[in-house]
Amino acid sequence: MGFPGTWMTESESMVYRVVPKCACSTIGQIMFYSDHGRFFDGDIHDSTSGLHKWAQEESQTAIEANVKAHSSPSFTCVRNPYTRILSSFFDKIAGIQRNGRRYRGNLVPTLVQKYGIEVGSPEDGFDFDQVKSFRRFLLFARDTIRFRRPMEPDIHWSAMSGHISTFICNGGRYDHIFWTEAFNDGMAKVLDGVEAAHPVDLGAIPRFNESEGHGPKRAHPVEDYFDDLSMHLVYEIYKRDFDLFRYDFENPGNKMPAGEIDLDEVHAKLGR
């Protein structure tokens, strides 16, 4: 199986396991900058040189050798499950993608037909009932993850623990797992253990939110999107994420973690 979703700097100074919707664009640009002294011109997900990626066949040998020997610091980044699934909805379901089209072709029409989801359009200013549509999307996300219907789970709303576990199960070990909500502190700890060709000033790094501006803005506080049923669905999907990464399930409005991540516990529970 190898190490899907793994990126590594060309200098092999650090290894990162991508978790979608958890600051991966910003992290990828930081890695690219640390080697080249400039940011990638475009969406870092589209880069085909300057950064090793498991999806690029020519990078796989180098990544596998480094990870299995634990030659470089390895890390990943996580996010509150409530805000992550909301972000997935606004980006991938309600939003228009960079190519000017809807995500995955016929996905949105399928959701409109089978789940009664509304998403609006740029022409009407994305005028739709965000709360109602999001809650219906949650039913769809649960169906894909638990029952694998009407499609296989998508990486953008699959549980973070599932992404993170593949790295462990195939022989990798994390030195750092940090929160998006405390991004600079966590990323600084990673960079402190790296000899970078070009030092990174985190205070001057822009946030590379590639999905911003392509769809509707969230109209309500996070907690307004989650009633009791929605919270139950989120916990059903993301129980391990709440438990391992110490997020507060009881209060969707509290995006901050409630305790420290135990790396030994993560490796023990996700490495089975």
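Because the structure is a prediction, the values reported are computed rather than measured.

A. Molecular detail of the packing of helix H3 (residues 81-93) against helix H5 (residues 130-147). Closest axis-to-axis distance for the H3/H5 pair is 11 Å, and the angle between their directions is 100°. By the angle between their axes, H3 is roughly perpendicular relative to H5. Between H3 and H5, the contacting residues are Ile85, Leu86, Phe89, Phe90 and Ile93 on the first element and Gln130, Ser133, Phe134, Phe137, Leu138 and Ala141 on the second. For the contact of H3 with H5, the per-class residue count stands at 9 nonpolar, 2 polar and no charged.

B. Structural view of the layout of surface pockets. Quantified by volume, the second largest pocket comes out at close to 240 Å³. Contributing to the lining of the second largest pocket are Asp175, His176, Ile177, Phe178, Trp179, Ala182, Asp185, Gly186, Lys189, Glu260, Ile261 and Leu263. Contributing elements (two or more residues each) for the lining of the second largest pocket: strand E5 (176-179) and helix H7 (183-192). Here the lining of the second largest pocket is composed, by residue class, of 6 nonpolar, 2 polar and 4 charged.

C. Layout of H7. Looking at H7, one finds that the buried residues are Phe183, Gly186, Met187, Val190 and Leu191. For H7, the arc enclosing every buried residue in end-on projection is 135°, short of the 170-degree limit, so these residues lie on one face. Across H7 from its buried face, at more than 90 degrees, point the exposed residues Asp185, Lys189 and Asp192. Its buried side turned inward, H7 meets helix H1 (24-36), strand E4 (74-78) and E5.

Criteria and thresholds
Residues numbered from 1 in each chain as written. Predicted model: local features only at pLDDT ≥ 70, side-chain atom pairs only at ≥ 80, totals over all residues. Heavy atoms only, no water. Axes fitted to C-alpha atoms, helices over the stretch in contact; angles between N-to-C directions. Helix = DSSP H or I, 4+ residues; strand = E, 2+ residues; numbered from the N terminus. Parallel < 35°, antiparallel > 145°, perpendicular 65-115°, else oblique. Contact = heavy atoms within 4.5 Å. Nonpolar A, V, L, I, M, F, W, Y, C, P; charged D, E, K, R; others polar. 1 Å grid on protein atoms, 1.4 Å probe; cavity = no way out; pocket = protein on both sides within 12 Å on 5 of 7 lines; lining within 4 Å. Points joined across faces, edges and corners; volume = space filled by probe spheres on them. Buried < 20%, exposed > 50% of the residue type's maximum accessible area, 1.4 Å probe, protein only. Arc of directions from axis to C-beta.

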